[in-house]
Amino acid sequence: MRVTHAVPLAPMTTLGVGGPAAALMELHDAADFPEFVALADTLPGAPVCLGEGSNVLVSDAGCESAVLRMCTKGVRMAGSTADGRVLVEVQAGHLLSDLVDMTIAEGLTGMEMLVGIPGTTGATPVQNVGAYGQETADSLVEVTAWDWQSGRMVTLDTSACGLGHRTSVFKRSRRWTLLSLVFALRRSELSAPVGYRPVAAVLDVPVGSRVPLEEVAQAVLAVRRRKGMVLGCSGTDDRSVGSVFLSPEISPAQAESLRAQGAPVNHFPDGSVRVSASWLIREAGFALSSPVVPGVRLSSLHYTLVADEGASAAAFTEAIDLVFQQVLHRTGVRLTSEIDLI
């Protein structure tokens, strides 16, 4: 266990803004986690867990609580379910991209559409990470976590995780620190049905087709790169958290009105009807690459916010609020930020 003090957190996030951590511990071996518990008890506030920093905004003042950087790695096959799915146990600090690559190489379907998403595997249940028709809830079986409220290790099955559209019991809560996860995946040379037209178009197949896992992964990456949603694929838009805003849930009346305006309105697995946040931002008058506040602008490839030289956490927060207010004024729809604040 490595402990350092007054460590700048900005370089540990994809936005590259924010102040220092009073105390930062890097966990490489889950067996050392009790040391972090002991340290956290000596500092104010609830402890914070930081993975790869791809969905967080750190305050300019930094963090007085103990910060745990989850660096644990490891994947093991852990048996099978009654219906023949393969159980895969993963350490929380294991990169999601590495896990997805491994499942594809092993001929396991269930996570191939998540290719190109940054961050750690332990972060995936927090906002029920998903893309192109797959989400964490589809394959997650259970998580092992430390419960700071009860001061003990717990195992939570999928139903106890409260997984919904980009949310869970872990979102906006510091009660739990996730340590390991178990997924159930099916052996197959073919992907899940391709449900998104842009991916199907790259593959030149009808929507609903199943194709070899590696082929669908490359198609998803191609679509994500076009939108600047793969880290390192754009030299000017890399300081990003991906999608800043959720696709908001709308009422039947709003759905009818927005469809008439040509908005992409879709039904989601949780039963909600939602409209594209990107469409709303464009409709509200924001243009690609346009500045919002000093140091923060719209991406040149996708309707999301990115940081430039001189950006601060305060400026990024101001930009989020300006986009929210203008979208609400122009469209009547309320956006919700999905960024975790530290």
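None of these values were measured; they are calculated from a predicted model. (Residues numbered from 1 in each chain as written. Predicted model: local features only at pLDDT ≥ 70, side-chain atom pairs only at ≥ 80, totals over all residues. Heavy atoms only, no water.)

Participant: Looking at this structure, I do not really get the sheet that holds strand β5 (residues 63–70). What am I missing?
Facilitator: Sheet strands pair by backbone hydrogen bonding; their relative direction is either parallel or antiparallel. One open sheet accounts for four strands, arranged β1-β2-β5-β3; its pairing is mixed. One side of each edge strand has no neighbouring strand; the edge strands of this open sheet are β1 (2–8) and β3 (48–50). Each adjacent strand pair in this sheet contributes to an overall mean axis angle of 30°, direction not counted. One ladder, built from six bridges, connects β1 with strand β2 (residues 20–27); its direction is antiparallel. Residue pairing across strands places T4 opposite L24, the latter belonging to β2. (Pairing = 2+ DSSP bridges. Helix = DSSP H or I, 4+ residues; strand = E, 2+ residues; numbered from the N terminus. Axes fitted to C-alpha atoms, helices over the stretch in contact; angles between N-to-C directions.)

Participant: When you look at the UniProt feature "active site" (unreviewed entry) in the chain in this model, what are you seeing that I'm missing?
Facilitator: As recorded in UniProt, the sites labelled "active site" (unreviewed entry) are R166, S243 and E338. Across 173 residues, the annotated set stays spatially compact, with a maximum C-alpha separation of 11.2 Å. You can see R166 is positioned in the loop between β12 (152–157) and β13 (176–187). The contacts of R166, once residues within four sequence positions are left out, are Q127, N128, V129, G130, A131, E135, K171, L246 and E338. Side-chain polar atoms of R166 contact the backbone oxygen of N128, separated by 3.0 Å. On the accessibility criterion, E338 (7% relative accessible area) is buried. In this structure E338 touches N55, Q127, R166, K171, R172, S243, V244, F245 and L246, once residues within four positions along its chain are discounted. (UniProt positions renumbered as here; feature names shortened; annotations may be inferred. Contact = heavy atoms within 4.5 Å. Polar contact = N/O pair within 3.5 Å; in protein donor to acceptor, adjacent residues only side chain to side chain. Buried < 20%, exposed > 50% of the residue type's maximum accessible area, 1.4 Å probe, protein only.)

Participant: Explanation requested: the UniProt feature "domain: FAD-binding PCMH-type" (unreviewed entry) in the chain in the structure shown.
Facilitator: Taking the numbering used here, the UniProt-annotated feature "domain: FAD-binding PCMH-type" (unreviewed entry) corresponds to residues 16–226. In residues 16–226, the share of helix is 18% and the share of strand is 31%. The end C-alpha atoms are 23 Å apart.

Participant: Explanation requested: the sheet that holds strand β16 (residues 291–293) in the structure shown.
Facilitator: In space, the three strands of this open sheet follow the order β16-β17-β18, with antiparallel pairing throughout. Looking at which strands have only one partner, the edges of the open sheet turn out to be β16 and β18 (305–307). Strand-to-strand twist in this sheet, taken as the mean axis angle between neighbours without regard to direction, amounts to 35°. Taken together, the two bridges between β16 and strand β17 (residues 296–298) define a ladder with antiparallel strand orientation. Its bridge partner being in β17, P291 is matched across the sheet by R297. Strand contacts of helix α7 (residues 313–331): β16, β17 and β18, with the helix running at about 110° to β16, the strand carrying the most contacts.

Participant: Explain helix α1 (residues 33–40) to me, please; I cannot follow it from the model alone.
Facilitator: Residues lying three or four places apart along an α-helix face the same way, a consequence of the helix completing one turn every 3.6 residues. Those residues of α1 not exposed but buried are F33, F36, V37, L39 and A40. Down the axis of α1, the sector holding all buried residues measures 165°, keeping them to one side. The inward-facing, buried residues of α1 abut β1, β2, β3, β5, β11 (140–147) and β13. (Arc of directions from axis to C-beta.)

Participant: Teacher, can you tell me more about a negative patch on the surface here?
Facilitator: There is a patch of like negative charges on the surface, built from D98, D101, E214 and E215. The set of elements that each furnish at least two residues to the negative patch consists of α2 (96–105) and α4 (213–226). Note that D98 resides in helix α2. (Patch = residues over 30% accessible without salt bridge, like charges linked within 9 Å, V, L, I, M, F, W, Y side chains within 5 Å. Areas by Shrake-Rupley, 256 points an atom, 1.4 Å probe, with all protein chains shown as cover. Salt bridge = Lys/Arg side-chain N within 4 Å of Asp/Glu carboxyl O. Lys, Arg positive; Asp, Glu negative; His and termini not counted. Charge placed at Lys NZ, Arg CZ, Asp CG, Glu CD.)

Participant: I keep staring at the pattern of salt bridges and nothing clicks. Help me out?
Facilitator: Side chains that differ in charge, positive against negative, can pair when their charged atoms come close. Inspection of the entire model under this criterion finds eleven salt bridges. Here R85 makes a salt bridge to D83, at a shortest N to O gap of 3.2 Å. R297 is the partner of D308 in a salt bridge, and the nearest nitrogen-oxygen pair spans 2.7 Å. Here R297 lies in strand β17 and D308 lies in the loop between β18 and α7, a separation of eleven residues in the sequence. By relative accessible area, D308 is classed as partly exposed at 25%. Salt bridges linked by common partners bring D83, R85 and R186 together as one network.

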